[in-house]
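Chain by chain, the residues:
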Amino acid sequence: HAKSLGKNNCQFYSMELNQVVHQHLLLEASLSRAIGNHEMVLGYQPKVDLRTGKVVGAEALVRWHHPINGVVAPDQFIPVAEESGLIVPLGEWVILEACGALKALEALGIEDFVISVNLSARQLRQRQFASQLARTLAHAGVNPRNLELEVTESQLMDHPEEAMEALAELKALGVRLSIDDFGTGYSSLSYLQKFPVDFIKIDRSFLGDVAEHGHTVIARAIIALGHNLQMKVIAEGVETREQLAFLREHDCDQMQGYYFSPALSQASLEELLCRDARLPG
Ligand code: C2E
Ligand code: MG
Ligand code: MG
Ligand code: MG
């Protein structure tokens, strides 16, 4: 009996596995069509300066408006895009689109605004990435200092030597660099010190502790670490007044999160900036 059960289980699993592989291939095929079909859309989540309350930038977050499945979140397809290599054309599209948004803001008289895009290690590893980015920026007429590139701590620390070289090349272009989801990876502090980055982003999981326990030792330590390394610190995923008060009290530089705003359409971002919306108090 046990033996036949085992056998059935085995069949069951291999069927499941087949389905997973099949789903994956379907996803990959529709993903590769999605960019050309204009199914990808960027949302822009405002970033606020904690001292002035002013909106100083926005993070571009990709959404897939699938004709049948509706809006698909990046967690559902970025991993597939990374595995298949489709992240490279997708990432190029994201940068072009962000450049377009920067030009549109400039036309409205909004300057010194920084848009950040998320970068996968796979893009960073491309030999021609920095020179191609330089061409893209020049062609779009965008000042490199208005573009920021976010790479997660874990992706940077996977191959820190190579990452450092790639970051140095990008830094030389004049773009801004930030380490995303900081505190969740395993950082080598000696590398951290050598990375030419402008911002550390405190992973939102640490702010959850403020909601639960009223404080977070980790977030405080990250703010101090960042400042000691001459970096600015931004908190992501800020949802409550308590979290905001905590960040202000501990001298964090910027914040983004639902407390102020979710990701907005380009039109809504423009509207927000034109009426000079501020974070209260
Ligand atoms: P991330 O870069 O850490 O982005 C922050 C995520 O937190 C976003 O989810 C954002 O919508 C969400 N978020 C913002 N404020 C709050 C808040 O107050 N509370 C909560 N609970 N969540 C908040 P999203 O848009 O689903 O993106 C997830 C991840 O997908 C991003 O994490 C990023 O790693 C990746 N991603 C998004 N767009 C791109 C892209 O264009 N290229 C690449 N390579 N990755 C991307
Ligand atoms: Mg990010
Ligand atoms: Mg993050
Ligand atoms: Mg993340």
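The chain has the name EAL domain-containing protein in an unreviewed UniProt entry, where Massilia niabensis is given as its organism.

Undergrad: What exactly am I supposed to notice about the overall build of the chain here?
TA: Counting its regular elements, the chain contains 12 helices and 9 strands. Computed over its C-alpha atoms, the radius of gyration of the chain comes to 21 Å, within 12% of the 19 Å expected for a compact globule of 281 residues. A principal-axis box enclosing the C-alpha atoms of the chain has dimensions of 70 × 45 × 40 Å. Across the 281 residues of the chain, 45% fall into the buried class. Once local pairs closer than 6 in sequence are excluded, the contacts in the chain between residues at least 24 apart make up 68%. Summed over all atoms, the accessible surface of the chain reaches about 14,900 Å², with 52% contributed by carbon and sulfur. Once the 24 positive and 36 negative side-chain charges of the chain are each reduced to a mean point, those two points are 1 Å apart.

Undergrad: I keep staring at the confidence of the model for the chain and nothing clicks. Help me out?
TA: In low-pLDDT segments, the atomic positions of the prediction should not be examined closely. Summary statistics for the chain give a mean pLDDT of 92 and a share of 94% for residues scoring 70 or more. Scored by ipTM, the complex comes to 0.97, with pTM at 0.92.

Undergrad: It is not clear to me how the site of ligand 1 should be interpreted in this structure. Could you clarify?
TA: Near ligand 1, the surroundings consist of 21 residues, among which Arg 63, Asn 118, Asp 180, Glu 239 and Tyr 258 are the closest. A distance of 2.9 Å is found between a nitrogen atom of ligand 1 and a side-chain nitrogen or oxygen belonging to Gln 45. In the environment of ligand 1, an oxygen atom lies 2.9 Å from a nitrogen or oxygen atom belonging to the side chain of Arg 63. Protein chains bury 85% of the 800 Å² of accessible surface belonging to ligand 1 in isolation. The site holding ligand 1 turns out to be the largest pocket. Elements supplying a minimum of two residues to the shell around ligand 1: strand S2 (55-66), helix H2 (74-84), helix H3 (87-107) and strand S6 (176-182). Sort the elements by how many residues they give to the shell around ligand 1 and S2 lands first, with 4 residues.

Analysis parameters
- Think of each chain on its own: its residues are numbered from 1, step by step along the sequence as written.
- Here the convention is simple: chains get letters from A, ligands get numbers from 1, in the order in which they are written.
- Only residues with pLDDT of 70 or above have their local features reported here, since the model is predicted, and side-chain atom pairs are shown and tallied only from 80 upward, although totals for entire chains, interfaces and linings are computed over all residues.
- Calculation of side-chain values draws on the structure's entire complement of heavy atoms; hydrogens and water are dropped beforehand.
- The helix and strand labels rest on DSSP assignments: H or I over at least four residues marks a helix, E over at least two residues marks a strand, and numbering proceeds from the N terminus.
- As defined in this context, the radius of gyration uses C-alpha atoms, and a globule is described by 2.2 Å times the residue total to the power 0.38.
- When accessible area is computed with a 1.4 Å probe and restricted to protein chains, residues below 20% of their type maximum are described as buried, those above 50% as exposed, and intermediate ones as partly exposed.
- Residue contacts follow a heavy-atom distance rule, with two residues in contact if any of their heavy atoms lie within 4.5 Å.
- Methods summary: accessible areas were calculated by the Shrake-Rupley approach with a probe of 1.4 Å, and residue burial reflects only the protein chains presented.
- When charges are counted, neither His nor the chain ends are considered; positive counts come from Lys and Arg and negative counts from Asp and Glu.
- Lys charges are placed at NZ, Arg charges at CZ, Asp charges at CG and Glu charges at CD.
- Confidence scores labelled pLDDT are given residue by residue by the predictor and lie between 0 and 100.
- When at least one non-hydrogen atom of a residue lies within 4 Å of a molecule or strand, that residue is treated as near it.
- Whenever a nitrogen or oxygen atom comes within 3.5 Å of another N or O atom, the pair is scored as a polar contact, on the condition that within protein one atom can donate a hydrogen and the other can accept it, and that pairs from neighbouring residues in sequence are kept only if both atoms are in side chains.
- Both site types are read off a 1 Å grid over the protein atoms alone. A 1.4 Å probe that fits but cannot get out defines a cavity, while an open set with protein on both sides within 12 Å along at least five of seven lines defines a pocket; lining residues have an atom within 4 Å of a point.
- By definition, a pocket or cavity contains a molecule when more than half of the molecule's atoms lie within 2 Å of the pocket's grid points.

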